[in-house]
Each structure stands twice: as structure tokens, then as C-alpha cells.
Amino acid sequence: MARMKPQPGIMDIALYVGGASHIEGVSDVVKLSSNENPFGPSPAAIAAVERSARNLHRYPSTDHASLRNAIADAHGLDVARIICGVGSDEIITFLCQAYAGPGDEVIHTQHGFAMYRISALAAGATPVEVAEHNRTVDVDAILAACTDQTRLVFIANPANPTGTFIALDKVERLAEALPEQCLLVLDGAYAEFEPGYDGGAGLVEKHDNIVMTRTFSKLYGLGGLRVGWGYACQDVIDVLNRVRGPFNLSSTALDAAEAALGDRSYTEKCLSENARMRLWLTEALRELGVGVDDSHANFVLARFGSAADADACEAHLKTQGLIVRRVGGYKLPEALRITVGDESACRRVVHAISQFKAVVV
Ligand SMILES: *Cc1c(COP(=O)(O)O)cnc(C)c1O
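About the thresholds
- Residues numbered from 1 in each chain as written.
- Predicted model: local features only at pLDDT ≥ 70, side-chain atom pairs only at ≥ 80, totals over all residues.
- Heavy atoms only, no water.
- Helix = DSSP H or I, 4+ residues; strand = E, 2+ residues; numbered from the N terminus.
- Buried < 20%, exposed > 50% of the residue type's maximum accessible area, 1.4 Å probe, protein only.
- Contact = heavy atoms within 4.5 Å.
- Areas by Shrake-Rupley, 256 points an atom, 1.4 Å probe, with all protein chains shown as cover.
- Lys, Arg positive; Asp, Glu negative; His and termini not counted.
- Charge placed at Lys NZ, Arg CZ, Asp CG, Glu CD.
- Domains from an automatic or database assignment.
- Buried area = accessible area lost by both parts, 1.4 Å probe.
- Salt bridge = Lys/Arg side-chain N within 4 Å of Asp/Glu carboxyl O.
- Core = buried A, V, L, I, M, F, W, Y, C linked by side-chain atoms within 4.5 Å.
- Pairing = 2+ DSSP bridges.
- Axes fitted to C-alpha atoms, helices over the stretch in contact; angles between N-to-C directions.

As for the overall build of the chain
Check the secondary structure of the chain and you find 12 helices and 13 strands. In the chain, buried positions account for 52% of the 361 residues. In the chain, once contacts between residues fewer than 6 apart in sequence are set aside, the share between residues at least 24 apart is 74%. A total of about 16,000 Å² of accessible surface is found on the chain, and carbon and sulfur atoms cover 52% of it. Of the charged side chains in the chain, 33 are positive and 44 negative; the average position of the first set lies 5 Å away from that of the second.

Here we look at the domain arrangement of the chain
When the domains of the chain are assigned, the result is domain 1 (19–40 + 265–360) and domain 2 (43–262). Put simply, the middle of domain 1 and the middle of domain 2, counted by C-alpha atoms, are 26 Å apart. Counting residues at the interface gives 24 residues for domain 1 and 25 residues for domain 2. Interface of domain 1 and domain 2: buried area, both sides summed, is about 2,000 Å²; carbon and sulfur atoms make up 59% of it. Contact with domain 2 buries surface across domain 1, with H296, Y330 and K331 losing the most and accounting together for 31% of the total. For the pair domain 1 and domain 2, the interface holds two salt bridges.

Overview of the nonpolar core
With 50 residues, the main nonpolar core has I155, L184, F216 and W229 as its most contacted residues. The element best represented in this core is helix α9 (residues 251–262), accounting for six residues. Aside from chain neighbours lying at most four places away, what touches L184 is V153, I155, V171, L174, A175, L178, N209, I210 and V211. Counting 31 residues, the second largest nonpolar core, distinct from the first, contains F94, L183, L301 and A335.

Some points on the sheet that holds strand β3 (residues 105–109)
Pairing is mixed in the open sheet, where seven strands are placed in the order β2-β8-β7-β6-β5-β3-β4. Taken across any chain shown, the strands that pair with only one partner, and hence form the sheet edges, are β2 (82–85) and β4 (126–130). Across the sheet, the mean angle from the axis of one strand to that of its neighbour is 25°, orientation sign disregarded. Where strand β6 (residues 183–187) meets strand β7 (residues 210–215), four bridges bridge the pair, whose relative direction is parallel. Bridging from a neighbouring strand, L186 pairs with M212 of β7. Against the sheet, helix α2 (residues 65–75) makes contact with β2, β7 and β8 (228–231), and its axis sits at roughly 125° relative to β2, the strand it touches most. Contacts between helix α6 (residues 168–177) and the sheet are confined to β5 (150–156), β6 and β7, with β6 contributing the most and set at about 155° to the helix.

Things to note about the side chain of R278
Its location among the elements puts R278 in helix α10 (residues 264–287). Setting aside residues up to four positions removed in sequence, R278 forms contacts with F193, S295, H296, A297, V300 and V340.

Right, dumping it as C-alpha cells:
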């Protein structure tokens, strides 16, 4: 077996580490490590999954027309320029596969989402890391890092794991100044959490070098089903559809996503609870002396005095049945990313961190 060598770059991939979900010997565990919706999927999505069970002998649609139409209606987009993927992760994979290969560079930022680097390496391309400024994407630093080999630039807005957000005029300035062989990918996994933000859809209409990606995994609470989508100019979508498998999404996933999208009152309730508890959590942590930037997503990044403090706090939270995310792999070893849970989960987090602080100080 050892004689069979994979393609160059593959063995440079550090395996993705997902959020943990259980703690040995502790019951009443709350998972706050993967930015999942604390209220679960919409009842309409659950009903759609149950109905779909009766038709599982049928192959799913290959063009995803029904879900794409629902997305186009909900967001006011051109249905022909929407592509659906197995999570937005698959759209990221398609982009790297189609546009970047050996000798090409793919830019991601210092604290950027791990999948950009993984997908670039899997395609044989070279990931290039660009510094951020105070945990925020720095447009000038990205432009300075562009070369004739740069094919893709990935930024998430709002960003994960920092929760920071950059204004649309900065995004547009980046798109306008990129080298002409380069696509800007705007990852909108958390776009719904920023009031009035369209994820950059309006910019896609004006600039043919922008791709927007979106997901049903966060606000819509369907991470387990894997549904995401992308929006770009027709040429790019036609390219991506060539590398997409014809049956990439299951009928169950398609039906559930469409039902979730239609349940507006449910998502509105989830959004308002997130905003309320995020503010409460942010202020409570600051009062305890924990550094927290204003978050534009469904999590907060809590900064401690040192990596050792962050590790010790994480260990204490674990003893209290609270699983949060260590983000050393995102170059933030002194921080913990905490998903905004329901009110009881947020209160448990603050109580446990106040216990930790009382011991440390
Ligand atoms: C969660 C997340 C995604 C979504 O991934 P899916 O494959 O759609 O579940 C994409 N980008 C970022 C930055 C994320 O945090």
C-alpha cells in the first residue's frame, strides 16, 4: 500500500477537527462548539423529513429546481445562477477543484475557516495565509498578497471564529482591485445573523468575479442534512455544475431545506433570541474581565489572558457539562469560541466562567 502515493498536497492536509459532542462521565451536556441552532430544526423541516421517507426509493432531482426556486424567491435572486451543494463546504470544494490546481495560489486569512485551506490543498493548489487586523479581515493586506498565480480569495463575512464583520464597501473595493484571473468567494454562512445584510448578493449582481456561498447548517438548524448553496454569474455557475455530481443532494435534504426556508416565523424567533442572548453573554463576559469583540454571528469569541488560561477555562467548562470550541488551530490559542445557546445554556456558561475567574484571580 505504501507504494501508492496520493497527489501532491494531500498529505499536507491537517484533518478537520469538528466540535466535540460528549464528555466522559458527565450528563446534562450542552454542546456549544459547532454554532448549531440551539432550538433545533423548524417543525416544518422535521415534517418534511418524515414525509420524504415514503419516497426514498426514488432518485432525487438532479437540478434541484424546487429548492433553487424557493431560494430565488426568498432572496430575490436569479434562479439560473444558484447552485446547491452538500453543505457550503461542497461549493468551496467545487470552486477549488474548478479554479485552482498545482502552481496556483488560494488566499485565506489568518483566522479564516479551515475548509479553505483543506480544499485548496486537496486541489493541489498552494494556500496563502494573509494577516488580519485585530481579528478582522484586512482588504489591503489581501490585495498586497495577490500575485499572478492567485486564483481564489476566500473571506467569511461575518467571519468564523472571530464573529467580526466588514462593511460592503470594503468588500466591493476588494472585488474591484483583485487581479483579473482571481475570484472572490464571500462565505455567508452567518449572513442571516447580520440584520439587513444580503450576504453580498447585490455585489454578485454587479461584479462577475464574486461568488457568494450560503448554508442551511447554522440559522436553519440543518447541519446534519448537509445543504448549502452558491450564487455567482452564469459562467461560473456553469463551470461549477460540471464538477457537481448529478445526485449530490438527497431528496430528504432538498425537501427539508425548502420547508425550513418557508418557516419564516421560526427563523425570526431564532434570530431574535440569538440577538438577545448574544448581547447578554457578551456583556456578562466583559464584566468578568473576558475580552469579547462585538459578534455578528451566533457565537462569541472569548479571549483570556493566555493560552494556558483558555485551556484551563475550557477544562473547567467541561467539568460543568459545557463543550466550547478551542481555536488554537485558528491561531487564537488564548481564545474559546462559544456558540450562543438558549438562555439556560448562556447562564450556565457565565456561571461556570465566573467560578473559573474566581479561582484564577
Ligand atoms: C459552518 C460554516 C460553513 C458551513 O458549512 P456547511 O458545509 O454548509 O455546513 C461555511 N463557512 C463557515 C465560515 C462556517 O463557519
